Amino acid sequence: MEKRRYGQKSNGKKRNRNKGPMILLFVIFLAAAVFFASSRGKRENISVALPPEGSGISERSMTEENTEEGNTEGGNTGEWDLEGDRENEEKWCLELVNRWNPMKTDGSEVETVTLSNGERVDTRIYPQLQSMFDAARQSGVYPIVASGFRTRSEQEEIYYEKISAYEAEGYSDAEAKEEAERWVAVPGTSEHQLGLAVDINADGIYSTGDQVYTWLAENAHKFGFIYRYPSDKTEITGVANEPWHYRYVGVTAAGEIHRQGICLEEYLAETKGMS
C-alpha cells in the first residue's frame, strides 16, 4: 500500500467528510449574524427609555404601558388625553425656569425614571418620551438622550467647568462667567433640574445630528415637547440656540407653541393675559 506523504491531499470523500463540521459551523454563524441584525433594531428601540436591570423600575415596553392607559389606540401617535393634559399643565409641566425665574424648589423632590444609559427624567414624561423615540425610529431616525435630570450639584459642576474652560482660553473672570452663561444655566435656573428637559442627540451610527434635530423640530410637539431655545428667541429665553434641548410642556401647549412659532415665555405671557 502506498503511504501518503505528509501534506498530501486525501481522497474526495474524506475531504468532504472533514468539511462537514466546518460548513455546519459556518451556517450556524451566519444564522446568528442574521438574527443579531434583525433583532438589533428592537434592542435599540427600547434602549433609551427602558431602565436597566436592578433599577426597581418596571421593564414593560412603553407600548404596553400606553395601551393600558388607553393612549395609543392605532399606534404611537402622541395623541394623549387632552383634557387631562390641560389639567396637568397648570400643575406641573408649565413651570417657567430661566435666568430671571429660578426654580421654586431645589429639585430634590423630583421622582425620576432611570434610562438604560444612566440618564434620568421625570417619571411623568417617561411615556411620552418613549413614544416620541419610537416614532422617530420608525421614521429611520435614531436619537439618544445625552442629558436628562440633573441635581443642583451636577449643574454646579457643569457650570463651573465651563467657566474654567473659558478662563483657560484667556478670558477674564467676568468674561468667562458671561460667556459660560450663554450655554450653561446658573444652578437653580436650569430646566434640567426640573426633570422635564432632555438634550437629544443622534446615535452617531444610523443618524446624524442634523437628521435628529430636523425630525424633532417637525414632530416633537405631537408628543408634548418643544424646541426650547430657538435662535430667534435668545433675547427672550436668555439662552443661545440649542437645537438639541427639548422641554416637556404637554401636548396642548406644545401644539400651540409650535403653531405660532413662539417660545415658552411668550406662550405663558399670552395665556396669562387671556386668563
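In this report, we go over the structure that sits alongside the text. These numbers were taken from a predicted model, which means no experiment stands behind them.

## Observations regarding the overall build of the protein chain
- Along the protein chain, the regular secondary structure elements total 10 helices and 6 strands.
- Taking all 275 residues of the protein chain together, 40% fall into the buried category.
- At a minimum sequence separation of 6, the contacts of the protein chain that also span at least 24 residues come to 71%.
- If you sum the accessible surface of the protein chain, you get close to 16,000 Å²; carbon and sulfur atoms cover 52% of it.

## Some details on the side chain of His245
- Mapped onto the fold, His245 is located in strand E6 (residues 242-248).
- Only 3.3 Å separates the side chain of His245 from the side chain of Asp199, close enough to count as a polar contact.
- With sequence-adjacent residues up to four places away left out, His245 is seen in contact with Glu191, His192, Ala197, Val198, Asp199, Ile226, Tyr227, Arg228 and Tyr229.

## Side note on the sheet that holds strand E3 (residues 143-147)
- On the basis of which strands lie adjacent, the open sheet formed by 4 strands has the order E3-E4-E6-E5 and antiparallel pairing. Here the strands that pair on one side only, and so sit at the sheet edges, are E3 and strand E5 (225-229). Shown here is a sheet whose adjacent strand axes are inclined to one another by a mean of 45°, direction ignored.
- Both E5 and E6 contribute to a ladder of 4 bridges, which runs antiparallel. The partner of Phe225 across the bridge, within E6, is Tyr248.
- This element, helix H4 (residues 126-138), spans E3, strand E4 (197-202), E5 and E6 of the sheet and lies at about 140° to E3.

## Some words on the pattern of salt bridges
- Considering all chains together, one arrives at 10 salt bridges under this definition.
- As a salt-bridge pair, Asp122 and Arg124 come within 2.8 Å of each other at their nearest N and O atoms.
- Take Asp122: its relative accessible area is 2%, and that puts it in the buried class.
- Looking at Arg124, the relative accessible area reads 44%, which means it is partly exposed.
- A salt bridge links Glu256 to Arg259; the nearest nitrogen and oxygen atoms lie 2.4 Å apart.

## Description of the nonpolar core
- In this structure, Leu129, Met132, Val198, Ile200, Trp215, Leu216 and Phe225 are the most contacted members of the largest nonpolar core, which totals 30 residues.
- For this core, the secondary structure elements donating two or more residues are helix H3 (82-93), H4, E4, helix H7 (209-219) and E6.
- Residue contributions to this core peak at 6 residues, all from H4.
- Leave out the neighbours within four places in its chain, and Leu216 touches Met132, Ile200 and Tyr246.
- The next biggest cluster of nonpolar side chains, apart from the first, holds 10 residues, and it includes Ala253, Ala254, Ile257 and Leu264.

## Details of the pairing of E6
- Counting buried residues in E6 gives 6 out of 7 residues, a clear majority hidden from the surface.
- Inspection of the sheet shows E4 paired to E6 by 3 bridges, in the antiparallel sense. Looking at the pairing, Val198 lines up with Tyr246 of E6.

## Quick notes on the environment of Leu96
- By secondary structure assignment, the location of Leu96 is in the loop between H3 and strand E1 (112-114).
- Separated by 169 residues in sequence, Leu96 and Glu265 place their C-alpha atoms 7.4 Å apart.
- Sequence-distant contacts of Leu96, defined by excluding residues within four places in its chain, comprise Asn101, Arg228, Leu264, Glu265 and Leu268.

## As for the packing of helix H5 (residues 152-168) against helix H6 (residues 173-180)
- The geometry of H5 relative to H6 is characterised by a closest axis approach of 8 Å and an angle of 130° between their N-to-C directions. With respect to H6, the axis of H5 lies oblique. As H5 runs across H6, the sense of the crossing is right-handed. Taken together, the residues of H6 that come into contact with H5 (itself represented by Tyr159, Lys162, Ile163, Tyr166 and Glu167) are Asp173, Ala176, Lys177, Glu179 and Ala180.

## Some remarks on helix H9 (residues 251-260)
- By the burial criterion, the buried members of H9 are Val251, Ala253, Ala254 and Ile257. Along H9, the residues classed as buried sweep out an arc of 165° about the axis, all on the same side.
- Positive backbone phi, at 70°, marks Gly261, one or two positions downstream of H9.

## A short note on the packing of aromatic side chains
- Evaluation of the coordinates by the stated rule reveals 6 aromatic pairs.
- The interplanar angle of 70° and the centroid separation of 5.2 Å between the aromatic rings of Phe225 and Tyr248 together place this pair among those described as edge-to-face. Of the two residues, Phe225 sits in strand E5 while Tyr248 sits in strand E6, which places them 23 residues apart along the sequence.
- Above the ring of Trp100, the side-chain terminus of Arg99 is found at 5.9 Å from the ring centroid.

Rules used throughout
- Residues numbered from 1 in each chain as written.
- Predicted model: local features only at pLDDT ≥ 70, side-chain atom pairs only at ≥ 80, totals over all residues.
- Heavy atoms only, no water.
- Helix = DSSP H or I, 4+ residues; strand = E, 2+ residues; numbered from the N terminus.
- Buried < 20%, exposed > 50% of the residue type's maximum accessible area, 1.4 Å probe, protein only.
- Contact = heavy atoms within 4.5 Å.
- Areas by Shrake-Rupley, 256 points an atom, 1.4 Å probe, with all protein chains shown as cover.
- Polar contact = N/O pair within 3.5 Å; in protein donor to acceptor, adjacent residues only side chain to side chain.
- Pairing = 2+ DSSP bridges.
- Axes fitted to C-alpha atoms, helices over the stretch in contact; angles between N-to-C directions.
- Salt bridge = Lys/Arg side-chain N within 4 Å of Asp/Glu carboxyl O.
- Core = buried A, V, L, I, M, F, W, Y, C linked by side-chain atoms within 4.5 Å.
- Parallel < 35°, antiparallel > 145°, perpendicular 65-115°, else oblique.
- Left-handed = near helix turned anticlockwise from the far one by under 90°.
- Arc of directions from axis to C-beta.
- Phe/Tyr/Trp six-rings, centres within 6.5 Å; stacked < 30°, edge-to-face > 60°.
- Lys NZ or Arg CZ within 6 Å of the ring centre and 35° of its normal.

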